Each structure stands twice: as C-alpha cells, then as structure tokens.
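Read off the chains here:
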Amino acid sequence: MLEFRNVTFQYDVEDFNIIDDLSFHIGKGEFVSVIGPSGCGKSTIFRLTGQLLTRKSGDILVGGESIDGRRGYCGYMPQRDLLFPWRTVNENLRLPMEVRGGIPRAEMDRRVAETLEHVGLAGWGDKRPEELSGGMRQRAAFARTLLTGSELLLLDEPFSALDFLTRITMQEWLLDQWERDSKTVLFITHDVEEAIFLSGRVLVVEDTPIRRLRSFEVPAPYPRTRACLTEPRMLELRENLISLLRREVSE
Ligand SMILES: Nc1ncnc2c1ncn2[C@@H]1O[C@H](COP(=O)(O)OP(=O)(O)OP(=O)(O)O)[C@@H](O)[C@H]1O
C-alpha cells in the first residue's frame with residue numbers, strides 16, 4: 001500500500017540529509033506504528049508521503065504507483081485536531097470533499113451525517129469544535145480524515161494531547177474503527193505501549209539521518225483488549241523497544 005524506495009530528503013536550511021536512502025513498505029490493511037526519538041524525522045516521512053515536502057531522490061509509491069502528480073491517495077491527521085473553529089463540525093467535515101470538488105452538496109451532507117454516526121458523533125454536527133471535549137474533537141478530526149476517502153491513513157500522534165483515560169478510550173475506539181474499515185494505518189507515537197497495543201508491526205527509527213526502519217512484529221492477535229499488554233511476550237517487546245530508544249537517545 002505504501003512503499004519508500006531509496007528516498008533521500010534534506011530541509012533547505014540544513015546541510016545534511018534528514019532521510020538518507022530509506023526504503024520500507026507497508027502492506028494493505030496493516031496497522032503500523034513508527035517510534036523514535038523526538039526530532040528524528042518521523043513527521044517528515046508523513047509530509048513526504050503527503051507531498052507537503054518534495055524528496056531529493058528515490059520514489060514513493062501508494063498502491064503500487066508513484067505519488068507524483070496524484071492527489072487524494074492518503075488522509076493525514078496531524079498532532080492537534082486542527083478543526084477550523086469558525087466552522088461547525090458538519091462544515092469541517094465537508095472540507096475534504098469541497099477541496100476535491102465535483103460532489104453535489106446533498107451527497108456531501110449525506111456522507112458527513114453517515115460518518116458522524118460511524119464515529120459516535122451523530123447529533124453533534126451543528127456544534128462548533130470548542131463545544132466538544134478533547135476526545136470528541138479528535139473523533140471529529142478522524143472523521144474528516146476518513147472523508148478524504150483514502151485507503152491510507154497517516155495519523156501523527158493523534159492522542160498525545162489527551163488525558164490518560166481519554167487516550168486509552170480513544171485507542172480502543174481507533175482499533176474498532178480499523179477492524180471495521182480495513183484501512184491501512186501508519187501511526188506515529190512517542191508511547192511504546194500505545195504502539196504495541198494498536199499495531200501489528202512497530203517500526204523503530206534507529207539512527208538519524210534515517211537510513212532504515214527496524215521492524216518488530218507484535219505478538220498478539222486481533223481483536224485485542226488492553227489485557228494483552230500484560231502478556232509476557234508483550235512485556236518483553238515493550239522492554240526491548242524502550243531499551244532500544246534509550247540507547248539511541250544516549251548515543
Ligand atoms: N520546515 C523545517 N525546516 C527545517 N528543519 C525542519 C523543518 N521541519 C522539521 N525540521 C527539522 O527536521 C527534524 C525532523 O523533524 P520531524 O518533525 O520530522 O521530527 P519528528 O521525529 O516527527 O519529531 P517529534 O517526535 O518531536 O514530533 C528536526 O530536527 C526538525 O528540527
């Protein structure tokens with residue numbers, strides 16, 4: 001579903017590559033998390049995939065084809081919900097379809113209502129974002145990401161600003177959505193436990209510049225409950241990942 005082939009990237013103001021000859025791939029329908037030290041370039045991978053940045057060399061493929069010249073092949077949800085405060089929830093959710101164009105208003109309204117119901121926010125469409133709780137705003141932002149209609153969802157630390165209980169509720173909610181929708185999800189987090197609870201695989205950034213992502217299979221079948229986190233194999237994986245990250249930060 002997503003493939004990086006020998007991708008290299010450098011920010012204009014820097015004199016070194018932040019991503020250097022990186023290759024990896026994510027299969028259709030996978031839920032994969034990316035973890036690594038702060039500032040190592042995780043979000044840069046997302047920005048390159050969404051063409052918010054342009055790579056220096058290499059190729060990025062979605063669904064087997066290069067992303068160059070294409071639009072609408074991925075939905076991107078950033079760290080903060082970024083709902084427009086002056087728009088109602090309905091108006092926020094219509095946005096990706098308005099940008100794409102060519103969809104009749106009645107059809108947009110139908111899709112918005114259906115998606116709000118899908119994420120448990122039926123009846124909240126006329127509210128403004130400030131009237132929603134943090135968890136509800138994230139659900140609305142996720143609904144807007146779904147309304148891009150893309151099979152590939154890039155979620156960049158979507159729950160990092162939430163309190164602990166809302167966060168674990170949202171993690172369970174997201175897993176339910178993923179199991180129901182069969183989308184491909186690439187998820188950035190700083191939280192090792194969140195990564196292993198949600199993902200089938202965890203990719204670890206081992207060094208900067210990013211030359212490779214080390215892949216760890218998560219040894220727990222879906223559907224999952226949080227109880228799986230206390231299983232010995234999951235605890236062992238969690239400790240392995242934490243010590244790997246610690247080593248990277250101290251190097
Ligand atoms: N627009 C920019 N111009 C120049 N340098 C940038 C720009 N955006 C990010 N960087 C630098 O590139 C590096 C990688 O940034 P990026 O946001 O991809 O890291 P990250 O791993 O997602 O960080 P975090 O986990 O803290 O969100 C950082 O050192 C950052 O300072």
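So, how was this worked out
Residues numbered from 1 in each chain as written. Predicted model: local features only at pLDDT ≥ 70, side-chain atom pairs only at ≥ 80, totals over all residues. Axes fitted to C-alpha atoms, helices over the stretch in contact; angles between N-to-C directions. Helix = DSSP H or I, 4+ residues; strand = E, 2+ residues; numbered from the N terminus. Parallel < 35°, antiparallel > 145°, perpendicular 65-115°, else oblique. Left-handed = near helix turned anticlockwise from the far one by under 90°. Contact = placed C-beta atoms within 7 Å. Nonpolar A, V, L, I, M, F, W, Y, C, P; charged D, E, K, R; others polar. Domains from an automatic or database assignment. Pairing = 2+ DSSP bridges. Buried ≥ 20, exposed ≤ 12 C-beta atoms within 10 Å, placed from the backbone. Near = placed C-beta within 6 Å. pLDDT = per-residue confidence, 0-100.

Taking an unreviewed UniProt entry as the reference, the protein is identified by name as ABC transporter ATP-binding protein belonging to Agathobaculum hominis.

Would you mind showing me how to read the packing of helix α2 (residues 89-100) against helix α3 (residues 105-118) here?
Working note: a packed helix pair is described by the angle between its axes plus the distance between those axes. Where α2 contacts α3, the two axes come as close as 9 Å, and the packing angle between them is 120°. If you check the angle between α2 and α3, you find them oblique. Regarding α2 and α3, the two cross each other, and that crossing is right-handed. Taken together, the residues of α3 that come into contact with α2 (itself represented by Asn90, Leu93, Arg94 and Met97) are Met108, Arg111, Val112, Thr115 and Leu116. Of the residues in the contact of α2 with α3, the class split is five nonpolar, two polar and two charged.

Sorry, what's going on with the domain arrangement of the protein here?
Where interface size is quoted, it is often the accessible area lost as the parts come together. Domain assignment breaks the protein into domain 1 (2-73 + 150-250) and domain 2 (85-144). Every contact between the two is made by eight residues of domain 1 and, on the other side, four residues of domain 2. A class-by-class count of the residues in the side of domain 1 that touches domain 2 yields five nonpolar, three polar and no charged.

Looking at this model, I keep getting lost on the sheet that holds strand β4 (residues 57-62). Mind explaining?
Sheets are built from strands that pair by backbone hydrogen bonding, the pairs being arranged parallel or antiparallel. If you trace the four strands from one edge of the open sheet to the other, you get β2-β1-β4-β5, paired in antiparallel fashion. Whereas interior strands pair on both sides, the edge strands pair on one side only; in this sheet they are β2 (19-26) and β5 (65-66). Relative to β2, strand β1 (residues 2-9) is paired through five bridges, and the arrangement is antiparallel. In the strand pairing of β2, Leu2 is matched with Ile26. Together, β1, β2 and β4 form the strand contacts of helix α1 (residues 42-49), whose direction differs from that of β1 by roughly 110°.

Whenever I open this one, the environment of Glu130 confuses me. Can you help?
Following the sequence through the fold, Glu130 ends up in the loop between α3 and α4 (134-146). Taking the number of C-beta atoms within 10 Å as the measure of exposure, Glu130 has 8 and is therefore exposed. The sequence separation of Glu130 and Phe16 amounts to 114 residues, and the corresponding C-alpha distance is 41 Å.

What exactly am I supposed to notice about the site of the ligand here?
As a structural note, the neighbourhood of the ligand is formed by Tyr11, Val13, Glu14, Ile18, Gly36, Ser38, Gly39, Cys40, Gly41, Lys42, Ser43 and Thr44. Tallied by class, residues from the shell around the ligand come to four nonpolar, six polar and two charged.

What am I meant to see in the confidence of the model for the protein here?
Caution applies to low-pLDDT regions: their predicted coordinates should not be interpreted in detail. Per-residue pLDDT for the protein has a mean of 91; in total, 98% of the residues score no lower than 70. Of the two predicted TM-score estimates for the complex, the pTM is 0.89 and the ipTM is 0.95.

Where do I start with the packing of α2 against α4 in this structure?
Where α2 meets α4, the closest approach of the two axes is 7 Å, and the angle between their N-to-C directions is 30°. The pairing of α2 with α4 is recorded here as roughly parallel in orientation. Between α2 and α4 lies a crossing whose hand is right-handed. Taken together, the residues of α4 that come into contact with α2 (itself represented by Val89, Asn92, Leu93, Leu95 and Pro96) are Ala140, Ala143 and Arg144. In the contact of α2 with α4, the residues fall into six nonpolar, one polar and one charged.

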